[in-house]
Each structure stands twice: as structure tokens, then as C-alpha cells.
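# Chains, contacts and geometry: an overview
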Amino acid sequence: MIGRSKKQTPPPAPAPEEQPAVGKGRPTPKRKEAQARNQRPLVPTDRKLAKQEARRRRNELYAKQQEAMRTGDDRYLPARDKGPVRRWVRDYVDAHFSPSEYFLPLAMASIVLLFFATRFPDVAIIGMAVMYIAFGIALAFAIGYSVIIKRKLKARFGEDQIPRFTGIYAFSRLFQPRFLRAPKPQVRRGEKIA
């Protein structure tokens, strides 16, 4: 007849040995047992041993970090110095001459001259004038160089890959004398940076 649907017969049920396994095959543990299994003591049972272990791990990490400061190994450097952008900045600064790195020794010499200001006032005045002139030159050079480095970084890495305060990072490295820089310079002065 028209409009009547035929009754469909359901498919035969699978044999018991063919039925897929339902569940995880073991009883659910009681909440008390699960919580007891996950609990760890907040304070270790042997405090002296735990303190020794923590000191050993801290000393090991410090030794790795100091070695990385000498070799430039990026894995163990502090977060401030990690990454390809910061490495490129360090290499670029270290490969170029900077009058800013000579400001610190000049400032120390001027301070020494101030001790003799009462005996030799003219020498102290000249020393102070030299220090202020050196500071002005070093500051102008470092600011200009930081701007150049930021432009080169944007062209090389893109805006989104440059960490914050990278310009200040370059600025501070420019003012450090080469032998005091950390991490240690990995390139020679005048070397071409890729």
C-alpha cells in the first residue's frame, strides 16, 4: 500500500564472545585511596638531606650558568640574555668600536683627580670637564647606535620577535668595557656579523 512503511527488522545481536569490552577492566578506586596515592609531604622527612640536595642542584645550575656566560651557550644563559635576537645584539655590539665603553675608565680617573682638588684645583676642573664631555659623546653615540640596532633588528627578525627593552639591552652593553661584558664577547672586533 501507498504511504505505509515496512517494518524493519533489527539486526541480530552479536554473540557474547564478540561483544566489545566496556569499561576499564578494573574497579574504580575509592576517593580516599586515590587521594592518599597523590599526597606528597610538604616538608621532607629528612630536612638535612633535602637541604643538601637543593644546595647541590643550585650550585650545579650556577656552574652551568657561569660556563654559559663564558662560552655563550644559549641553554643555560639567564632569561635576560637568551634568544637569537639578544645574541645578535651582543655580537653586533661586540664587533664594532664604541667610544661609550671608555667612559667608565675616564669617569674613574676623574673621580681620582677630585681627591686632589684642594691642592690642584685647575687639574680637578679639567678632569671634570673631560668627564662631562666624554659622557656627552658616549651618551650620544650609545643612543644613536641603539636606534640603528633596533632598525636592523626589525628588518632582520620582524617586529613581533624582538623582546621588550632590546634597545636598552644594547645601550647598557655599549657602556660596558669589553673585558667586563657578560656574557663574554664571542666575536672579534671588526668581524662581519651575518
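Everything that follows concerns the structure shown earlier in this document.
Residues numbered from 1 in each chain as written. Predicted model: local features only at pLDDT ≥ 70, side-chain atom pairs only at ≥ 80, totals over all residues. Heavy atoms only, no water.

### Some details on the packing of aromatic side chains
Each aromatic ring pair is specified by the distance between its two centres and by the angle formed by the two planes. Put simply, the rule reads: Two rings belonging to Phe, Tyr or Trp (six-membered ring only in the last case) form a pair when the distance between their centres is within 6.5 Å. Interplanar angles under 30 degrees mark stacking, angles over 60 mark edge-to-face geometry, and anything in between is tilted. Helix and strand assignments follow DSSP, with helices taken as H or I runs no shorter than four residues and strands as E runs no shorter than two, numbered in order from the N terminus. Charges are assigned to positions over rings by a cutoff of 6 Å between ring centre and Lys NZ or Arg CZ, combined with an angular limit of 35 degrees from the ring normal.
In this structure the tally under the stated criterion is seven aromatic pairs. Relative to Phe175, the ring of Phe103 has its centre 6.1 Å away and its plane inclined at 90 degrees; by these criteria the two rings are edge-to-face. Taken as a pair, Phe103 in helix α4 (residues 103–114) and Phe175 in helix α6 (residues 166–175) lie far apart in primary sequence, 72 residues in all. Here the aromatic cluster, defined as three or more aromatic residues joined through ring pairs, consists of Trp88, Tyr92, Phe141 and Tyr145. Sitting over the ring of Tyr169, Arg86 keeps its end group 4.7 Å from the ring centre.

### Things to note about the packing of helix α3 (residues 84–95) against helix α5 (residues 121–157)
Formally: Every axis corresponds to a line fitted to the C-alpha atoms, with the helix fit spanning only the stretch in contact, and the corresponding angles, defined between N-to-C directions, vary from 0 to 180 degrees. Working definition: roughly parallel below 35 degrees, roughly antiparallel above 145 degrees, roughly perpendicular at 65 to 115 degrees, and oblique for all remaining angles. Handedness of a crossing is defined here by the sense of rotation of the near helix relative to the far one, left-handed for an anticlockwise turn of less than a right angle and right-handed for a clockwise turn. Only heavy atoms matter for contacts: two residues are in contact if any of them lie within 4.5 Å across the pair.
Contact geometry for α3 and α5: axes closest at 11 Å, N-to-C directions at 135 degrees. With respect to α5, the axis of α3 lies oblique. Classified by chirality, the crossing of α5 by α3 is right-handed. For the pair α3 and α5, contact is made by Pro84, Val85, Trp88, Val89, Tyr92 and Val93 and by Tyr145, Ile149, Lys152, Leu153, Arg156 and Phe157, respectively.

### Concerning the nonpolar core
Here is the rule: Put simply, buried Ala, Val, Leu, Ile, Met, Phe, Trp, Tyr and Cys residues joined by side-chain atoms within 4.5 Å make one nonpolar core. Note on exposure labels: buried denotes an accessible area under 20% of the residue type's maximum, exposed denotes more than 50%, and partly exposed covers the range between, all computed with a 1.4 Å probe on protein chains only.
Grouped together as the largest cluster of nonpolar side chains are 20 residues, with contacts concentrated most on Trp88, Val89, Val93, Phe103, Ile149 and Leu153. A per-element tally of this core places α5 first, with nine residues.

### Considering the packing of α3 against α6
Note the cut-off: Here the term charged refers only to Asp, Glu, Lys and Arg, the term nonpolar to Ala, Val, Leu, Ile, Met, Phe, Trp, Tyr, Cys and Pro, and the term polar to all other amino acids, Gly among them.
One way to put it is that α3 packs onto α6 with a least axis distance of 10 Å and a crossing angle of 30 degrees. Relative to α6, the crossing made by α3 is right-handed. Listed contacts from α6 to Val85, Arg86, Val89, Arg90, Val93 and Asp94 of α3 are Thr166, Tyr169, Ala170, Arg173 and Leu174. Classifying every residue of the contact of α3 with α6 by side-chain character gives six nonpolar, one polar and four charged.

### Some words on the environment of Ala68
Relative to the helices and strands, Ala68 resides in helix α2 (residues 47–71). Relative accessible area serves as the criterion here: at 1%, Ala68 is assigned to the buried category. Taking the C-alpha atoms as reference points, Ala68 and Lys184, 116 residues apart in sequence, are found 9.1 Å from one another. Contacts of Ala68, omitting those with residues within four sequence positions, involve Asp73, Tyr76 and Leu77.

### Some words on α3
Applicable threshold: Under the convention used throughout, the expected extent of a helix is 1.5 Å for every residue step, that is, one less than its residue count.
Here α3 spans 16 Å end to end across 12 residues, near enough to the 16 Å set by a 1.5 Å rise per residue. Most of α3 sits inside the fold, with 10 of its 12 residues counted as buried. Considered for burial, the residues of α3 that qualify are Val85, Arg86, Trp88, Val89, Arg90, Asp91, Tyr92, Val93, Asp94 and Ala95. Where α3 is buried, its residues touch α5 and α6.

Keep in mind these values describe shape, not function.
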